[in-house]
Amino acid sequence: MGERRPRRRGRDLLAALPWIGPALVLIFGVVLYPAVVMFFNSTRDISQSGVDKGSVGFDNFVEVFNFPYFWPIFGRTIIWVVVVVAVTVLLSLGLAQILDKAFPGRRIVRLAVIIPWAASVVMTTMVVYYGLEPYFGIINKFLVDVGLVDTPEGYGWTRNPETAFAWSIVVAVFVSLPFTTYTILAGLATVPGDIVEAAKMDGAGPVRTYFSIVLPQLRGALSVAVLINIINVFNSLPILKVMTGSIPGYDADTIMTLIFKYIQNQHKLDVASALSVVAFLIVIVIVAVYVRVVKPMKEV
(Lines give C-alpha, C1' and ligand atoms only; values in the text may rest on other atoms or scores of the structure.)
Protein backbone atom coordinates (compact mmCIF):
# COMPACT_ATOMS: atom_id res chain seq x y z
CA MET A 1 0.00 0.00 0.00
CA GLY A 2 2.86 2.38 0.88
CA GLU A 3 4.49 1.95 -2.54
CA ARG A 4 1.24 2.33 -4.47
CA ARG A 5 0.40 5.75 -3.03
CA PRO A 6 3.55 7.53 -4.35
CA ARG A 7 3.03 5.87 -7.75
CA ARG A 8 -0.61 6.94 -7.83
CA ARG A 9 0.31 10.49 -6.84
CA GLY A 10 2.95 10.54 -9.58
CA ARG A 11 0.42 9.40 -12.20
CA ASP A 12 -2.10 11.99 -10.98
CA LEU A 13 0.56 14.71 -11.24
CA LEU A 14 1.47 13.67 -14.78
CA ALA A 15 -2.20 13.62 -15.73
CA ALA A 16 -2.65 17.13 -14.34
CA LEU A 17 0.42 18.62 -16.06
CA PRO A 18 -1.37 19.46 -19.35
CA TRP A 19 -3.82 21.54 -17.34
CA ILE A 20 -1.48 23.23 -14.88
CA GLY A 21 1.54 23.34 -17.21
CA PRO A 22 0.70 26.69 -18.88
CA ALA A 23 0.13 28.30 -15.48
CA LEU A 24 3.46 26.95 -14.19
CA VAL A 25 5.29 28.25 -17.26
CA LEU A 26 3.65 31.66 -16.82
CA ILE A 27 4.57 31.78 -13.11
CA PHE A 28 8.16 30.84 -13.90
CA GLY A 29 8.49 33.36 -16.73
CA VAL A 30 6.76 36.28 -15.07
CA VAL A 31 7.57 35.78 -11.38
CA LEU A 32 10.36 33.31 -10.62
CA TYR A 33 12.83 34.08 -13.40
CA PRO A 34 12.80 37.90 -12.89
CA ALA A 35 13.14 37.35 -9.13
CA VAL A 36 16.19 35.11 -9.63
CA VAL A 37 17.78 37.66 -11.97
CA MET A 38 17.07 40.43 -9.46
CA PHE A 39 18.74 38.47 -6.64
CA PHE A 40 21.71 37.67 -8.89
CA ASN A 41 22.17 41.30 -10.00
CA SER A 42 22.07 42.48 -6.40
CA THR A 43 25.37 40.72 -5.76
CA ARG A 44 27.15 41.95 -8.89
CA ASP A 45 29.13 45.03 -9.91
CA ILE A 46 27.31 46.26 -13.02
CA SER A 47 28.62 49.25 -14.93
CA GLN A 48 26.46 52.05 -16.34
CA SER A 49 26.65 50.40 -19.74
CA GLY A 50 25.36 47.12 -18.29
CA VAL A 51 28.65 45.21 -18.19
CA ASP A 52 28.91 42.68 -15.35
CA LYS A 53 32.30 43.19 -13.69
CA GLY A 54 31.96 40.32 -11.24
CA SER A 55 30.65 39.56 -7.78
CA VAL A 56 30.77 42.08 -4.94
CA GLY A 57 29.00 39.98 -2.32
CA PHE A 58 26.72 42.08 -0.14
CA ASP A 59 28.41 45.42 -0.87
CA ASN A 60 25.33 46.71 -2.71
CA PHE A 61 23.17 45.97 0.32
CA VAL A 62 25.68 47.78 2.54
CA GLU A 63 25.41 50.82 0.25
CA VAL A 64 21.62 50.69 0.48
CA PHE A 65 21.51 50.60 4.27
CA ASN A 66 24.29 53.17 4.62
CA PHE A 67 22.41 55.64 2.44
CA PRO A 68 21.56 58.52 4.83
CA TYR A 69 17.99 58.87 3.57
CA PHE A 70 17.12 55.15 3.56
CA TRP A 71 15.45 54.96 6.97
CA PRO A 72 13.39 58.17 6.52
CA ILE A 73 12.31 56.79 3.14
CA PHE A 74 11.47 53.45 4.74
CA GLY A 75 9.33 55.20 7.37
CA ARG A 76 7.61 57.29 4.69
CA THR A 77 6.86 54.11 2.73
CA ILE A 78 5.13 52.60 5.77
CA ILE A 79 3.12 55.80 6.27
CA TRP A 80 2.22 55.78 2.57
CA VAL A 81 0.91 52.20 2.70
CA VAL A 82 -0.91 52.45 6.05
CA VAL A 83 -2.67 55.76 5.33
CA VAL A 84 -3.71 54.93 1.77
CA VAL A 85 -5.01 51.45 2.63
CA ALA A 86 -6.78 52.56 5.83
CA VAL A 87 -8.52 55.55 4.23
CA THR A 88 -9.42 53.52 1.14
CA VAL A 89 -11.03 50.75 3.19
CA LEU A 90 -12.98 53.15 5.40
CA LEU A 91 -14.33 55.13 2.44
CA SER A 92 -15.08 51.96 0.49
CA LEU A 93 -17.09 50.52 3.38
CA GLY A 94 -19.36 53.56 3.37
CA LEU A 95 -19.53 53.76 -0.44
CA ALA A 96 -20.32 50.06 -0.77
CA GLN A 97 -23.06 50.37 1.82
CA ILE A 98 -24.64 53.19 -0.19
CA LEU A 99 -24.34 51.39 -3.53
CA ASP A 100 -25.88 48.27 -1.99
CA LYS A 101 -29.14 50.15 -1.43
CA ALA A 102 -31.81 50.49 -4.09
CA PHE A 103 -32.17 54.05 -5.41
CA PRO A 104 -32.91 55.65 -8.80
CA GLY A 105 -29.84 55.68 -11.03
CA ARG A 106 -27.90 53.17 -8.93
CA ARG A 107 -26.61 51.38 -12.03
CA ILE A 108 -25.21 54.63 -13.44
CA VAL A 109 -23.55 55.46 -10.13
CA ARG A 110 -22.01 52.00 -9.94
CA LEU A 111 -20.61 52.41 -13.44
CA ALA A 112 -19.26 55.84 -12.53
CA VAL A 113 -17.36 54.35 -9.59
CA ILE A 114 -15.40 52.16 -12.02
CA ILE A 115 -14.04 55.15 -13.98
CA PRO A 116 -11.00 55.85 -11.75
CA TRP A 117 -10.13 52.15 -11.98
CA ALA A 118 -10.58 51.98 -15.76
CA ALA A 119 -8.68 55.19 -16.45
CA SER A 120 -4.90 55.31 -16.67
CA VAL A 121 -3.27 55.98 -13.29
CA VAL A 122 -0.74 58.29 -14.95
CA MET A 123 -3.52 60.21 -16.71
CA THR A 124 -5.50 60.61 -13.50
CA THR A 125 -2.41 61.79 -11.63
CA MET A 126 -1.52 64.26 -14.39
CA VAL A 127 -5.00 65.76 -14.21
CA VAL A 128 -4.57 66.35 -10.47
CA TYR A 129 -0.98 67.55 -10.93
CA TYR A 130 -1.92 70.26 -13.44
CA GLY A 131 -5.09 71.01 -11.50
CA LEU A 132 -2.85 72.07 -8.60
CA GLU A 133 -0.74 74.45 -10.69
CA PRO A 134 -0.68 77.92 -9.06
CA TYR A 135 -1.77 80.00 -12.06
CA PHE A 136 -4.07 77.85 -14.21
CA GLY A 137 -4.94 74.83 -12.04
CA ILE A 138 -8.67 74.36 -11.57
CA ILE A 139 -8.23 72.60 -8.22
CA ASN A 140 -5.99 75.38 -6.95
CA LYS A 141 -8.52 78.00 -8.14
CA PHE A 142 -11.31 76.19 -6.30
CA LEU A 143 -9.25 76.17 -3.11
CA VAL A 144 -8.71 79.91 -3.53
CA ASP A 145 -12.42 80.53 -4.15
CA VAL A 146 -13.47 78.68 -0.98
CA GLY A 147 -10.84 80.51 1.07
CA LEU A 148 -8.46 77.63 1.83
CA VAL A 149 -5.64 79.36 -0.06
CA ASP A 150 -4.99 83.11 0.01
CA THR A 151 -3.64 83.68 -3.51
CA PRO A 152 -3.35 81.40 -6.55
CA GLU A 153 0.40 81.86 -6.81
CA GLY A 154 0.97 81.80 -3.08
CA TYR A 155 1.34 78.05 -2.69
CA GLY A 156 2.97 75.43 -4.88
CA TRP A 157 1.29 72.18 -3.87
CA THR A 158 3.56 70.07 -6.07
CA ARG A 159 6.73 72.03 -5.24
CA ASN A 160 6.72 71.23 -1.53
CA PRO A 161 7.62 67.66 -0.45
CA GLU A 162 5.01 67.45 2.34
CA THR A 163 2.07 68.74 0.31
CA ALA A 164 3.05 66.81 -2.83
CA PHE A 165 3.24 63.63 -0.79
CA ALA A 166 -0.13 64.39 0.84
CA TRP A 167 -1.78 64.96 -2.56
CA SER A 168 -0.20 61.71 -3.77
CA ILE A 169 -2.05 59.95 -0.96
CA VAL A 170 -5.30 61.58 -2.12
CA VAL A 171 -4.78 60.36 -5.68
CA ALA A 172 -3.81 56.86 -4.49
CA VAL A 173 -6.98 56.61 -2.41
CA PHE A 174 -9.07 57.84 -5.34
CA VAL A 175 -7.74 55.22 -7.78
CA SER A 176 -7.94 52.45 -5.13
CA LEU A 177 -11.59 53.05 -4.25
CA PRO A 178 -13.25 51.21 -7.19
CA PHE A 179 -11.56 47.84 -6.64
CA THR A 180 -12.03 47.95 -2.86
CA THR A 181 -15.63 49.13 -3.11
CA TYR A 182 -16.61 46.40 -5.56
CA THR A 183 -14.84 43.76 -3.49
CA ILE A 184 -16.85 44.83 -0.44
CA LEU A 185 -20.03 45.00 -2.57
CA ALA A 186 -19.43 41.37 -3.54
CA GLY A 187 -19.10 40.57 0.17
CA LEU A 188 -22.34 42.39 0.97
CA ALA A 189 -24.14 40.27 -1.64
CA THR A 190 -23.27 37.16 0.40
CA VAL A 191 -24.66 38.48 3.69
CA PRO A 192 -27.84 36.45 4.43
CA GLY A 193 -30.84 38.75 4.46
CA ASP A 194 -32.74 36.60 6.96
CA ILE A 195 -30.00 37.10 9.57
CA VAL A 196 -30.20 40.89 9.15
CA GLU A 197 -33.99 40.77 9.40
CA ALA A 198 -33.78 38.59 12.50
CA ALA A 199 -31.46 41.12 14.13
CA LYS A 200 -33.92 43.91 13.38
CA MET A 201 -36.78 41.85 14.79
CA ASP A 202 -34.74 41.42 18.00
CA GLY A 203 -34.56 45.18 18.34
CA ALA A 204 -31.04 45.79 17.06
CA GLY A 205 -30.57 49.23 15.56
CA PRO A 206 -28.86 49.93 12.21
CA VAL A 207 -25.46 50.63 13.81
CA ARG A 208 -25.49 47.52 15.99
CA THR A 209 -26.77 45.39 13.10
CA TYR A 210 -23.96 46.61 10.88
CA PHE A 211 -21.12 46.09 13.36
CA SER A 212 -22.49 42.86 14.88
CA ILE A 213 -23.94 41.12 11.83
CA VAL A 214 -22.87 42.69 8.52
CA LEU A 215 -19.24 43.64 9.21
CA PRO A 216 -18.21 40.18 10.51
CA GLN A 217 -19.71 38.66 7.36
CA LEU A 218 -17.40 40.89 5.30
CA ARG A 219 -14.28 39.37 6.84
CA GLY A 220 -13.29 37.45 3.71
CA ALA A 221 -13.90 40.32 1.30
CA LEU A 222 -12.12 42.84 3.54
CA SER A 223 -9.16 40.54 4.08
CA VAL A 224 -8.62 40.09 0.35
CA ALA A 225 -9.14 43.79 -0.40
CA VAL A 226 -6.69 44.91 2.29
CA LEU A 227 -4.05 42.37 1.28
CA ILE A 228 -4.16 43.28 -2.42
CA ASN A 229 -4.19 46.99 -1.61
CA ILE A 230 -1.13 46.62 0.64
CA ILE A 231 0.83 44.96 -2.17
CA ASN A 232 -0.36 47.39 -4.86
CA VAL A 233 0.20 50.54 -2.81
CA PHE A 234 3.62 49.44 -1.60
CA ASN A 235 4.73 48.80 -5.19
CA SER A 236 3.09 51.94 -6.56
CA LEU A 237 5.39 54.18 -8.61
CA PRO A 238 3.43 56.24 -11.22
CA ILE A 239 1.52 58.44 -8.76
CA LEU A 240 4.56 59.45 -6.73
CA LYS A 241 6.72 59.76 -9.84
CA VAL A 242 4.33 62.29 -11.38
CA MET A 243 3.44 64.19 -8.20
CA THR A 244 6.89 64.36 -6.59
CA GLY A 245 9.26 63.70 -9.49
CA SER A 246 10.20 67.37 -9.97
CA ILE A 247 11.13 67.85 -6.30
CA PRO A 248 14.91 67.70 -5.71
CA GLY A 249 16.31 65.52 -2.97
CA TYR A 250 14.69 62.57 -1.24
CA ASP A 251 12.15 64.22 1.10
CA ALA A 252 9.12 62.89 -0.79
CA ASP A 253 10.42 59.48 -1.83
CA THR A 254 9.31 55.97 -1.01
CA ILE A 255 11.31 52.82 -1.64
CA MET A 256 9.83 52.45 -5.13
CA THR A 257 10.76 55.97 -6.24
CA LEU A 258 14.24 55.52 -4.77
CA ILE A 259 14.68 52.37 -6.88
CA PHE A 260 13.60 54.39 -9.91
CA LYS A 261 16.15 57.11 -9.11
CA TYR A 262 18.93 54.55 -8.72
CA ILE A 263 18.14 53.26 -12.22
CA GLN A 264 17.12 56.42 -14.06
CA ASN A 265 19.34 59.09 -12.50
CA GLN A 266 22.36 57.27 -11.11
CA HIS A 267 22.38 54.27 -13.48
CA LYS A 268 23.15 51.93 -10.58
CA LEU A 269 21.38 48.77 -11.69
CA ASP A 270 23.19 46.66 -9.10
CA VAL A 271 22.25 48.88 -6.14
CA ALA A 272 18.71 49.19 -7.49
CA SER A 273 18.51 45.39 -7.60
CA ALA A 274 19.71 45.19 -3.99
CA LEU A 275 17.05 47.69 -2.92
CA SER A 276 14.47 45.72 -4.92
CA VAL A 277 15.44 42.60 -2.98
CA VAL A 278 15.00 44.54 0.27
CA ALA A 279 11.58 45.75 -0.91
CA PHE A 280 10.62 42.21 -1.93
CA LEU A 281 11.55 40.85 1.50
CA ILE A 282 9.65 43.66 3.23
CA VAL A 283 6.51 42.80 1.26
CA ILE A 284 6.93 39.09 2.04
CA VAL A 285 7.24 39.85 5.77
CA ILE A 286 4.22 42.18 5.73
CA VAL A 287 2.09 39.62 3.89
CA ALA A 288 3.23 36.78 6.16
CA VAL A 289 2.44 38.76 9.31
CA TYR A 290 -0.90 39.88 7.88
CA VAL A 291 -1.95 36.35 6.92
CA ARG A 292 -0.77 35.04 10.30
CA VAL A 293 -2.68 37.67 12.29
CA VAL A 294 -5.80 38.19 10.18
CA LYS A 295 -6.18 34.61 8.88
CA PRO A 296 -8.21 35.62 5.82
CA MET A 297 -9.26 32.03 5.04
CA LYS A 298 -10.74 31.53 8.51
CA GLU A 299 -14.46 31.03 8.54
CA VAL A 300 -16.63 33.58 10.32
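Cut-offs used in this document
Residues numbered from 1 in each chain as written. Predicted model: local features only at pLDDT ≥ 70, side-chain atom pairs only at ≥ 80, totals over all residues. Heavy atoms only, no water. Helix = DSSP H or I, 4+ residues; strand = E, 2+ residues; numbered from the N terminus. Rg over C-alpha atoms; globule rule 2.2 N^0.38 Å. Buried < 20%, exposed > 50% of the residue type's maximum accessible area, 1.4 Å probe, protein only. pLDDT = per-residue confidence, 0-100. Axes fitted to C-alpha atoms, helices over the stretch in contact; angles between N-to-C directions. Parallel < 35°, antiparallel > 145°, perpendicular 65-115°, else oblique. Contact = heavy atoms within 4.5 Å. Nonpolar A, V, L, I, M, F, W, Y, C, P; charged D, E, K, R; others polar. Phe/Tyr/Trp six-rings, centres within 6.5 Å; stacked < 30°, edge-to-face > 60°. Pairing = 2+ DSSP bridges. Salt bridge = Lys/Arg side-chain N within 4 Å of Asp/Glu carboxyl O. Patch = residues over 30% accessible without salt bridge, like charges linked within 9 Å, V, L, I, M, F, W, Y side chains within 5 Å. Areas by Shrake-Rupley, 256 points an atom, 1.4 Å probe, with all protein chains shown as cover. Left-handed = near helix turned anticlockwise from the far one by under 90°.

### Points about the overall build of the protein
Broken down by element type, the protein carries 13 helices and two strands. For 300 residues, the compact-globule estimate of 2.2 N^0.38 gives 19 Å, and the C-alpha radius of gyration of the protein, at 24 Å, exceeds that figure by more than 25%. Taken along its principal axes, the extent of the C-alpha atoms in the protein is 85 × 75 × 30 Å. Split into buried and exposed, the 300 residues of the protein put 39% on the buried side.

### Topic: the confidence of the model for the protein
Per-residue pLDDT for the protein has a mean of 84; in total, 92% of the residues score no lower than 70. At the low end of the mean pLDDT range in the protein sits helix 8 (residues 193-201), at 73; at the high end sits helix 3 (residues 70-99), at 93.

### Observations regarding the packing of helix 2 (residues 59-66) against helix 13 (residues 269-294)
Contact geometry for helix 2 and helix 13: axes closest at 8 Å, N-to-C directions at 75°. By the angle between their axes, helix 2 is roughly perpendicular relative to helix 13. Along its contact with helix 2, which presents Asn60, Phe61, Glu63, Val64 and Phe65, the element helix 13 presents Asp270, Val271, Ala274, Leu275, Val277 and Val278. Residue composition of the contact of helix 2 with helix 13, by class: eight nonpolar, one polar and two charged.

### A closer look at unusual backbone geometry
One non-glycine residue, His267, lies in the positive phi region at around 55°. Within the secondary structure, His267 is located in the loop between helix 12 (255-264) and helix 13. Looking at His267, the relative accessible area reads 41%, which means it is partly exposed.

### Digging into the packing of aromatic side chains
All told, the structure shown has 14 aromatic pairs when counted by the stated rule. Pairing Phe65 with Phe70 gives two aromatic rings, centres 5.2 Å apart and planes at 80°, and the pair type is edge-to-face. These aromatic residues form a ring-pair network of at least three members: Phe65, Phe70, Trp71 and Phe74.

### Observations regarding the environment of Arg11
When you line up the elements, Arg11 lands in helix 1 (residues 4-41). A C-alpha to C-alpha distance of 48 Å links Arg11 and Ile115, two positions 104 residues apart in sequence.

### Considering the pairing of strand 2 (residues 52-55)
Bridge count for strand 1 (residues 44-46) against strand 2 is two bridges, and the pairing is antiparallel. By the bridge assignment, Ile46 is partnered in strand 2 with Asp52. Two successive antiparallel strands, strand 1 and strand 2, enclose a turn made up of five residues, where Gly50 displays a positive phi of approximately 95°.

### Examining the pattern of salt bridges
In this structure the tally under the stated criterion is three salt bridges. Its salt-bridge partner being Glu63, residue Lys268 comes within 2.9 Å of it at the nearest N-O pair. Of this pair, Lys268 sits in the loop between helix 12 and helix 13 while Glu63 sits in helix 2, and the two are 205 residues apart along the sequence. Given the relative accessible area of 33%, Glu63 is considered partly exposed. Note that Glu133 and Arg159 form a salt bridge whose closest N and O atoms lie 3.3 Å from each other. Of this pair, Glu133 sits in the loop between helix 5 (121-131) and helix 6 (138-145) while Arg159 sits in the loop between helix 6 and helix 7 (161-189); the two residues are 26 residues apart in sequence, bridging distant segments of the chain.

### Topic: a nonpolar patch on the surface
A surface patch of nonpolar side chains, amounting to about 1,300 Å² of accessible area, comprises Leu14, Leu17, Trp19, Ile20, Leu24, Leu26, Ile27, Phe28, Val30, Val31, Leu32 and Tyr33. Considering the arrangement of structural elements, one finds Tyr33 in helix 1. On the accessibility criterion, Tyr33 (49% relative accessible area) is partly exposed.

### Considerations on the packing of helix 3 against helix 7
At a minimum axis distance of 6 Å, the contact between helix 3 and helix 7 shows a crossing angle of 45°. Of the possible angle classes, the one that applies to helix 3 and helix 7 is oblique. Between helix 3 and helix 7 lies a crossing whose hand is right-handed. Classifying every residue of the contact of helix 3 with helix 7 gives 18 nonpolar, seven polar and one charged.

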